[in-house]
Each structure stands twice: as C-alpha cells, then as structure tokens.
Amino acid sequence: MTSDPGREDEEDVAPGRDWLGPRASEHEQLAAPRKRNRGLAMRAVVPNAITAAALCSGLTGIRFAIEGDWEKALLAILLAGLLDGIDGRIARLLKAQSRFGAELDSLADCLSFGMAPALVLYLWSLQELPRFGWFAALGFAICCALRLARFNAQIDVEEQPHKSAGFLTGVPAPLGAGLVFLPMYLWLASGESYFREPVFIAAWTVAVAVLMISNLATFSWSSLRPRSHARLPAIAFTGLLFAALLTEPWWTLALIAAGYLALMPIALLRYGRIKRQRAAGGQGA
C-alpha cells in the first residue's frame, strides 16, 4: 500500500537498485548541508501517513469484529485496501519513495490483509471449529506474510518471467483479503446461514491462502489495457459499478470477487501463450 515500490500489485517498477526511485526528502539534506532539515518534508510525510491510516483502518476492522459488527469490519478492511491502492502512486507522484516507506508498507499489508482478515473470519465463523478453524486462520495470515516476504526478496532479481510479461505471481495480498471475504459478502447479501458454515469457510480460507503463495500468473493492473474501441464502454461500466457498490455493496463485491476468479484461467492461458512465443523466439535465435 504505500510509498513503496515494494507494493506487490505494482509491476511497472524496474528491478535493480533503482527500484526506490528518486531519493526521498530525508536524504535531500545531504545536497544542502548548510540548510539542515531536521524532519521529513511534507511530500515524504503524506504517502507514509496514508499507509499508517490504512494500517489503522485494517486493525480497526478487528475491533468491529470483536463487537460483532460485521459490516463495519468488512468496510474498514476494504477502506485499508483502497488506501493501499493510492499511497504508492502518491509517493511516486511526489517523488517521495524511500526504503522507510517500503518497509512500512509491507508491515501494514501484513497486518491489514493477513492478520485482520484471519481474525475477522475466526470470530465470524471459524471459532466453531476450535482446532482446524484456528489453523486455517493462522495459515492465511502466514501465507500473506510469506507472499510479501517473497515479493520483497525478488525486488532486486533481474530475471522475473511473470513480471517481464506484465503479470503478477500469485494473488496479491489486498486481493487475497477481498477474495477470502466472498462468503461474508454472500451471507450479508442473502442472509443464508449456509454461507457461514465453518467447514466451508475453513476450506475456502485455505484455498485463498494457497493462491497467494502460488506460482500462478495473475493479471496486474498494467496488463489490463482495454482496446481503443472498448475504452468508452469501460468508463461507463466503471461508473455503473460504482453506483452498484453504493446501492447493493455486498452483491456487487461478491460479483467482483467472482469476476476476478473467472479471470484467473484467462491469465494462465495468456501467459502460456507468451511463454510459448518466447520459447519459439529463443529457438529461432
């Protein structure tokens, strides 16, 4: 979520030492030692403050879950995802990327999209399975942490087949949190008790956790580029989708999650085609 190029859902940052981008303001005082700045410039504070707000929002979702206010718990974590989607872009816009921002972002993602969803699901349903339910929640939180650690470890790796083709590896942490709440969306929308069945919730939680740490190629925002003739319909669809979120939020979120799952096989087919083209090009050379 943040000021970092360590954001795992961003694929447009080149690998290598330049991944931090322009020096953040805390380093700029080296260029002007006579005017020593004892604090961070506002442009460096803003994206990191957004990251901190996202962290607070995700953890506040746990508080609402403890109180049994499931709608507010979900909305708090979804708000954390929204803030996570803009802090990194604001950091690049302000040229305020920094190692500090990257580390803060990873910690915030782990808590907001790993620990918070795991605890919310446990309090909502999984606690009815005292043993397996808790292990399912733990597995989700651990897989989220492992995914973020893998992403950070690969930042300086030059050869990344998925990234070079415009794809992600596995499901990003924010999207993983959104997917794992699919049964809650359906339960809130329909009121049907079977969507809260703990055995089903545990199996679904484990499945999403595996998707996060998998090596499957998944779509990134940079790879979703509508053709010129489809851009106006895409804008209209986005407007209607926003209106649907305001009027029927839970059904709409359920459809968005189902749509993302439907796109995963398409991403695998596209990446497989690119992989075959690369192999054929290598053989021809």
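Preceding block: the structure.
This report concerns the structure included in the present document. Just so you know, the residues in each chain are numbered from 1, in the order the chain's sequence is written. Selection of residues for local features in this predicted model requires a pLDDT of at least 70, selection of side-chain atom pairs for listing and counting requires 80 or more, and totals for whole chains, interfaces and linings are taken over all residues. Hydrogens and water molecules were not included; the side-chain quantities draw on all heavy atoms of the structure.

### A closer look at the packing of helix H3 (residues 70-93) against helix H4 (residues 99-124)
- Two elements in contact, H3 and H4, have axes whose closest approach is 11 Å; the angle formed by their N-to-C orientations is 165°. In terms of orientation, H3 and H4 fall into the roughly antiparallel class. Handedness of the crossing formed by H3 with H4: left-handed. Residue-level inspection shows Trp 70, Ile 77, Ala 80, Gly 81, Asp 84 and Asp 87 of H3 in contact with H4, the latter providing Asp 105, Asp 109, Ser 112, Phe 113, Ala 116, Pro 117, Val 120, Leu 123 and Trp 124. Note on geometry: axes are lines fitted to C-alpha atoms, helical ones only across the stretch in contact, with angles between N-to-C directions running from 0 to 180 degrees. Secondary structure elements follow DSSP: runs of H or I of four or more residues count as helices, runs of E of two or more count as strands, with numbering from the N terminus. For this classification, under 35 degrees means roughly parallel, over 145 means roughly antiparallel, 65 to 115 means roughly perpendicular, and everything else is oblique. Helix crossings get a hand from a simple test, with the near helix turned counterclockwise from the far one by less than a right angle marking a left-handed crossing and a clockwise turn marking a right-handed one. Whether two residues are in contact is decided by their heavy atoms, any of which lying within 4.5 Å being enough.

### Thoughts on the packing of aromatic side chains
- Pairing of aromatic side chains requires ring centres within 6.5 Å, counting the rings of Phe and Tyr and the six-membered ring of Trp. Pairs whose planes differ by under 30 degrees are stacked, by over 60 edge-to-face, and all others tilted. Inspection of every chain in the model, using the stated rule, returns 6 aromatic pairs.
- Ring geometry for Trp 124 versus Trp 187: centroids 5.5 Å apart, planes at 65°, classification edge-to-face. Separated by 63 residues along the polypeptide, Trp 124 in helix H4 and Trp 187 in helix H8 (residues 182-190) bring together distant segments of the chain.
- For Trp 187, a relative accessible area of 17% gives the class buried.
- Consider the rings of Tyr 185 and Trp 250, whose centres lie 6.4 Å apart with planes at 20°: the pair is stacked. Of this pair, Tyr 185 sits in helix H8 while Trp 250 sits in helix H11 (residues 249-284), placing them 65 residues apart in sequence.
- One aromatic cluster is present, formed by Phe 167, Phe 219 and Tyr 271 through successive ring pairs.
- A ring is scored as having a charge over it whenever the NZ atom of a lysine or the CZ atom of an arginine sits within 6 Å of its centre and within 35 degrees of its normal. One Lys or Arg, Arg 196, reaches over the ring of Trp 187 and ends 4.8 Å from the middle of that ring. Buried, partly exposed and exposed residues are distinguished by accessible area as a fraction of the type maximum, computed with a 1.4 Å probe on protein chains only: under 20%, between the cut-offs, and over 50%, respectively.

### Focus on H4
- What a helix is expected to span follows from its residue count: subtract one and scale by 1.5 Å. With 26 residues, H4 extends 37 Å from end C-alpha to end C-alpha; this agrees with the ideal 38 Å at 1.5 Å per step.
- Axes are fitted to the seven residues ending at a residue and to the seven starting at it; the angle between these axes is taken as the bend at that residue. Along its length, H4 reaches its greatest deviation from straightness, about 30°, at Ala 116, and the proline Pro 117 lies no more than four positions downstream.

### Let's talk about the pattern of salt bridges
- Salt-bridge detection follows one rule: a side-chain nitrogen of Lys or Arg within 4 Å of a carboxyl oxygen of Asp or Glu. In this structure the tally under the stated criterion is 2 salt bridges.
- With its nearest N and O atoms 3.1 Å apart, the salt bridge here joins Glu 67 to Arg 63.
- Among the ionic pairs, Lys 72 bridges to Asp 69, the shortest N-O distance being 3.8 Å.
- Residue class for Lys 72 comes out partly exposed when judged on its relative accessible area of 44%.

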